[in-house]
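Topology and contacts: notes
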Amino acid sequence: YTITIETGTGFNDLCFRAQTDAHPYSFHAVARLNCGVATTDGKQTLAVDITPSTTETTSATAVLRSENTGNNVEDFLVEFSIQTNNCLNPTLTVTYEEIDYAQSTEYFNVLNNDGSRITQCNGQSDANCGPFQTCISDTSLGVETITAGSIYTITIETGTGFNDLCFRAQTDAHPYSFHAVARLNCGVATTDGKQTLAVDITPSTTETTSATAVLRSENTGNNVEDFLVEFSIQTNNCLNPTLTVTYEEIDYAQSTEYFNVLNNDGSRITQCNGQSDANCGPFQTCISDTSLGVETITAGSIYTITIET
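Residues numbered from 1 in each chain as written. Predicted model: local features only at pLDDT ≥ 70, side-chain atom pairs only at ≥ 80, totals over all residues. Heavy atoms only, no water.

1. Overview of the sheet that holds strand β12 (residues 189-191)
The strand order across the open sheet formed by six strands is β12-β13-β14-β21-β17-β18, and the pairing between neighbours is mixed. Of all strands in the sheet, those with a lone pairing partner are β12 and β18 (268-273), marking the two edges. With direction set aside, neighbouring strand axes in the sheet form an average angle of 25 degrees. The pairing of β12 with strand β13 (residues 194-201) spans three bridges and is antiparallel. Pairing of T190 across the sheet is with Q195, part of β13. (Pairing = 2+ DSSP bridges. Helix = DSSP H or I, 4+ residues; strand = E, 2+ residues; numbered from the N terminus. Axes fitted to C-alpha atoms, helices over the stretch in contact; angles between N-to-C directions.)

Shown next as structure tokens:
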């Protein structure tokens, strides 16, 4: 596909003539071809695969961008295709760059799979380029399960007033009039409000074997769930089992900020109490290779450790 640039007859190398260390060009321009994505009835359609984990929260992200302006800014269909495992307790997070949001017509709606509106996202500023604002964070989609093999569609309906104010404010900025990110989050199974994590372990007969469960929550306060970790013993018996528990010291400065570790019979193994807030990154040790008080966990059985937050 050929684009032709026809030049006039009067160009000279005036930058070089003005300063000898400047470039020698008499003509300098940039032509950029933009290839979009598929559209359906004027909407951009983005297909995103997600394979939910059975042991930890899984996320998949769609980046929504438009270089059109005003009434020509398209809507977006984000088609999340659920692979292999069901998506449990799905939530949605939407963030956006505040490019052009000072007027009442500069907003966007987030619609659920059934077409109902989840929320309207209204910014406040123009040319707030770079940082992203949060519209919704881990908001429930109102369903318990999105079945594996199905497609769950989130629609972003844009207003009529968006313009490319970042580019207009600084010529080296991006050319977008609309820029947002939609993230689908799939949780794990819950039992009576507890996250349930199923972990297989096949004990070796010749060396120590380990299996790990990663426990994460994005809820806060009273809504932080407990966890059931169901270790399924495969093939061989698990002999002289011990447990190690480590944790990131995100928010542990208060007396109510702790968690209990319960054994398979419901008895408490220990309480884990941190000391600090926002000690992010390194993990602290709660218990290390602590005996579970049994000699053998029989092959074919499930041994459950409960974390009470």
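2. Looking at the environment of T190
Along the polypeptide, T190 turns up in strand β12. T190 sits 37 residues away from F227 along the chain, and the two C-alpha atoms are 8.3 Å apart.

3. What about the layout of surface pockets?
Taken as a whole, the second largest pocket encloses approximately 450 Å³ of empty space. Lining the second largest pocket are 20 residues, with N89, T91, Q195, N219 and E225 sitting closest to its centre. When contributions to the lining of the second largest pocket are tallied by element, the ones reaching two or more residues are β5 (87-100), β8 (126-140) and β11 (178-187). Looking at the lining of the second largest pocket residue by residue, the classes come out as four nonpolar, 12 polar and four charged. (1 Å grid on protein atoms, 1.4 Å probe; cavity = no way out; pocket = protein on both sides within 12 Å on 5 of 7 lines; lining within 4 Å. Points joined across faces, edges and corners; volume = space filled by probe spheres on them. Nonpolar A, V, L, I, M, F, W, Y, C, P; charged D, E, K, R; others polar.)

4. A closer look at the nonpolar core
L64, V94, F108, V110, I154, I156 and F178 are the most contacted members of the largest nonpolar core, which totals 32 residues. Mapped onto this core, the elements with two or more residues apiece are β2 (43-50), β3 (58-66), β4 (76-82), β5, β6 (107-111), β8, β10 (151-158) and β11. With residues near it in sequence (within four places) discarded, F178 still touches L64, R65, S66, V73, F76, I99, Y101, F108, I156, T158 and F162. Ranked by size, the runner-up nonpolar core spans 23 residues in total, among them V188, I233, L243 and V245. (Core = buried A, V, L, I, M, F, W, Y, C linked by side-chain atoms within 4.5 Å. Buried < 20%, exposed > 50% of the residue type's maximum accessible area, 1.4 Å probe, protein only. Contact = heavy atoms within 4.5 Å.)

5. Focus on the pattern of salt bridges
Applying the stated criterion across every chain yields a total of three salt bridges. For R183, the salt bridge identified is with D138, shortest N-O distance 3.7 Å. Taken as a pair, R183 in strand β11 and D138 in strand β8 lie far apart in primary sequence, 45 residues in all. The exposure class of R183 is partly exposed, given its relative accessible area of 27%. Its relative accessible area of 23% is what places D138 among the partly exposed residues. Put simply, E218 and R183 hold a salt bridge, and the shortest N to O gap is 3.9 Å. Of this pair, E218 sits in the loop between β13 and β14 (227-233) while R183 sits in strand β11, and the two are 35 residues apart along the sequence. Accessibility expressed as a relative area gives 46% for E218, which makes it partly exposed. Residues joined by salt bridges that share partners form a network here, namely D138, R183 and E218. (Salt bridge = Lys/Arg side-chain N within 4 Å of Asp/Glu carboxyl O.)

6. Overview of the side chain of E106
Its location among the elements puts E106 in the loop between β5 and β6. From its side chain, E106 meets the backbone nitrogen of Y101 in a polar contact 3.4 Å long. There is a polar contact of 2.9 Å between the side chain of E106 and the backbone nitrogen of A102. Ignoring any residue separated from it by four or fewer positions in sequence, one finds E106 in contact with D100, Y101, D126, G161 and F162. (Polar contact = N/O pair within 3.5 Å; in protein donor to acceptor, adjacent residues only side chain to side chain.)

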